[in-house]
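This is what each chain is made of:
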Amino acid sequence: GSGPHSVALSAPRPNPSRAAVTLSFSAPPGAQGRLEIFDVRGRRVRTLPVAGGLGASNQIVWDGRGESGRALPAGAYLCRLQAGGTSSTRRVTLLH
C-alpha cells in the first residue's frame, strides 16, 4: 500500500548498469531500514543499511558488489528496501 508510512523504491538508474546503481526512494522521516540485494535464486548477496534513518536521505548507491567486496556476476538482481513493516522491490540488471 502507499501512504505516509510506507516505503517506495523508484526504478534503478542506470538499468542495466555496468557499475554503480543509484536507487531513489521515499520513506517516512526517521524510519530505520535497509536495502537488500538478492540474486535470481533468492540468495541475499548484499545488505546496505540506510544511514541516519530513511528520512535523512532519499538515495542509496549500490556499487554492484557483494558482501565480500567482489564485483558480482552479470545478471538480474532484486533490490528490496524494507522499513517499518513495509517493503518495495525493484529489479536491476548488471552488465560487465
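Residues numbered from 1 in each chain as written. Predicted model: local features only at pLDDT ≥ 70, side-chain atom pairs only at ≥ 80, totals over all residues. Heavy atoms only, no water.

## Focus: the sheet that holds strand 4 (residues 44-49)
Moving on, step 1. Judged by pairing direction, the sheet is antiparallel, and its four strands sit side by side in the order 4-3-6-7 without closing on themselves. The open sheet is flanked by strand 4 and strand 7 (86-94), the only strands paired with a single partner. For this sheet, the mean angle separating the axes of adjacent strands, direction not counted, is 20°.
Moving on, step 2. Of the strand pairs in this sheet, strand 3 (residues 33-39) and strand 4 are connected by five bridges, and their pairing is antiparallel. Within strand 4, the position partnered with Glu36 by the bridge is Thr47. (Pairing = 2+ DSSP bridges. Helix = DSSP H or I, 4+ residues; strand = E, 2+ residues; numbered from the N terminus. Axes fitted to C-alpha atoms, helices over the stretch in contact; angles between N-to-C directions.)

## Remarks on the packing of aromatic side chains
Moving on, step 1. Inspection of every chain in the model, using the stated rule, returns one aromatic pair.
Moving on, step 2. Between Trp62 and Tyr77 the ring centres are 5.8 Å apart and the planes differ by 70°, which places this aromatic pair in the edge-to-face class. Placement of Trp62 in strand 5 (residues 59-62) and of Tyr77 in strand 6 (residues 75-83) is noted, with a sequence separation of 15 residues between them. When sorted by exposure, Trp62 lands in the same class as Tyr77, which is buried. (Phe/Tyr/Trp six-rings, centres within 6.5 Å; stacked < 30°, edge-to-face > 60°. Buried < 20%, exposed > 50% of the residue type's maximum accessible area, 1.4 Å probe, protein only.)

## A short note on the side chain of Asp39
Moving on, step 1. As for its position among the elements, Asp39 is in strand 3.
Moving on, step 2. At a separation of 2.9 Å, a polar atom in the side chain of Asp39 contacts the main-chain amide nitrogen of Arg43.
Moving on, step 3. Not counting residues within four places of it along the chain, the set of residues in contact with Asp39 comprises Val45, Ala76 and Tyr77. (Polar contact = N/O pair within 3.5 Å; in protein donor to acceptor, adjacent residues only side chain to side chain. Contact = heavy atoms within 4.5 Å.)

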